[in-house]
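Spelled out from the first residue to the last, the chains are:
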Amino acid sequence: MIERWINDIVNYQIHNKRISVSDREIYQYGYYILFEKIIAVILTICIAALMDAWWEIMGFCISFIPLRVYSGGVHAKRYVNCMLLSSGLLVGVVFLVRESISIHIDEQSYMVALEFIMFIALLALSPVETQTRKIEKKENKYFRMMVCRIYVIQIFIEIFFLLFKLKKILIAFIIAHGISLLNVLIEILRKRLKNGYT
């Protein structure tokens with residue numbers, strides 16, 4: 001259905017000479033990505049509204065998305081699978097944040113130790129190359145540096161949340177860091193199993 005809309009839009013633009021026929025595939029791809037992003041945002045807003053979890057989801061997304069861009073990790077082969085996994089992940093994050101607050105897992109010493117371990121591990125393992133994203137040697141160094149910068153900035157933001165007792169967002173950030181690391185580990189494991197069996 002989305003492909004049909006995209007084709008109609010591109011055909012309309014070609015017909016009205018806004019784009020050339022030779023640029024068809026580029027525009028189709030661009031519109032496809034645009035539609036994916038719009039659907040993802042709408043889905044995220046719906047989940048936040050239905051669960052009354054604006055702070056939890058906002059905190060998670062602000063932390064997870066920039067790290068995910070540079071650290072890499074698991075990619076679903078189909079967009080539908082990606083949306084289902086992402087939706088399930090958001091719902092799971094909300095439950096984890098709420099459960100963590102209800103059982104008082106906000107001890108500062110545990111959070112500092114956990115963040116330190118996750119930071120070192122994510123920095124050591126990132127970025128992870130996938131089938132859809134090949135990384136050159138120069139990019140590898142740049143991506144690792146960006147993971148380091150983003151993580152350090154987010155740790156300072158977490159200190160702010162800690163000082164002002166914004167526990168929901170703080171815990172959402174920490175969960176995002178854990179899921180970023182898990183995402184990288186799963187992709188590394190998947191690659192090793194695939195290479196070991198082929």
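Computed from a prediction, not measured in an experiment: that's the story for all the values here. (Residues numbered from 1 in each chain as written. Predicted model: local features only at pLDDT ≥ 70, side-chain atom pairs only at ≥ 80, totals over all residues. Heavy atoms only, no water.)

Caption draft 1: Spotlight on the overall build of the protein chain. Scanning the protein chain from terminus to terminus reveals seven helices and zero strands. Along the protein chain, helices and strands appear, N-terminal first, in the series α-α-α-α-α-α-α. Principal-axis analysis of the C-alpha atoms gives the protein chain an extent of 65 × 40 × 30 Å. Counting only residues that meet the buried cut, the protein chain has 34% of its 198 residues in that class. Seen as two clouds, the 23 positive and the 16 negative side-chain charges of the protein chain have centres 6 Å apart. (Helix = DSSP H or I, 4+ residues; strand = E, 2+ residues; numbered from the N terminus. Buried < 20%, exposed > 50% of the residue type's maximum accessible area, 1.4 Å probe, protein only. Lys, Arg positive; Asp, Glu negative; His and termini not counted. Charge placed at Lys NZ, Arg CZ, Asp CG, Glu CD.)

Caption draft 2: Representation of the packing of aromatic side chains within the structure. Per the counting criterion, the structure on display carries 10 aromatic pairs. Taking 6.2 Å as the distance between ring centres and 75° as the angle between the ring planes, the aromatic pair formed by tyrosine 70 and tyrosine 142 counts as edge-to-face. Residue tyrosine 70 is located in helix 3 (residues 54-71), and its partner tyrosine 142 is located in helix 6 (residues 137-163); the two are separated by 72 residues in the primary sequence. A relative accessible area of 39% places tyrosine 142 in the partly exposed class. By the ring-pair criterion, three or more aromatic residues cluster together here, those being Phe160, Phe161, Phe164 and Phe173. (Phe/Tyr/Trp six-rings, centres within 6.5 Å; stacked < 30°, edge-to-face > 60°.)

Caption draft 3: Quick peek at the nonpolar core. If you look at the biggest cluster of nonpolar residues, it comprises 21 residues, and the most contacted ones within it are Leu67, Tyr70, Leu122 and Tyr151. Elements with a contribution of two residues or more to this core: helix 3, helix 5 (108-125), helix 6 and helix 7 (167-197). Leucine 122 has contacts with Leu67, Ser71, Val147, Tyr151, Ser180, Leu181 and Val184, leaving out every residue within four places of it along the chain. Grouped together as the second largest cluster of nonpolar side chains are 16 residues, Ala48, Ala53, Val97 and Ile175 included. (Core = buried A, V, L, I, M, F, W, Y, C linked by side-chain atoms within 4.5 Å. Contact = heavy atoms within 4.5 Å.)

Caption draft 4: Structural context of the environment of isoleucine 169. Inspection of the secondary structure assignment puts isoleucine 169 in helix 7. Residue classification places isoleucine 169 among the buried positions, given a relative accessible area of 8%. If sequence neighbours within four positions are ignored, isoleucine 169 has contacts with Trp55, Gly59 and Phe161.

Caption draft 5: Inspection of the pattern of salt bridges at higher detail. Going through the model one piece at a time under the given rule, you end up with three salt bridges. The residue glutamate 56 makes a salt bridge to arginine 98 at a minimum N-O spacing of 3.2 Å. Note that glutamate 56 is positioned in helix 3 and arginine 98 in helix 4 (residues 79-102), a separation of 42 residues in sequence. Residue glutamate 56 is classed as buried on the basis of its relative accessible area, which comes to 1%. Counted as one network, the salt bridges with shared partners bring together Glu56, Arg98 and Lys168. (Salt bridge = Lys/Arg side-chain N within 4 Å of Asp/Glu carboxyl O.)

Nothing here speaks to function; it is geometry throughout.
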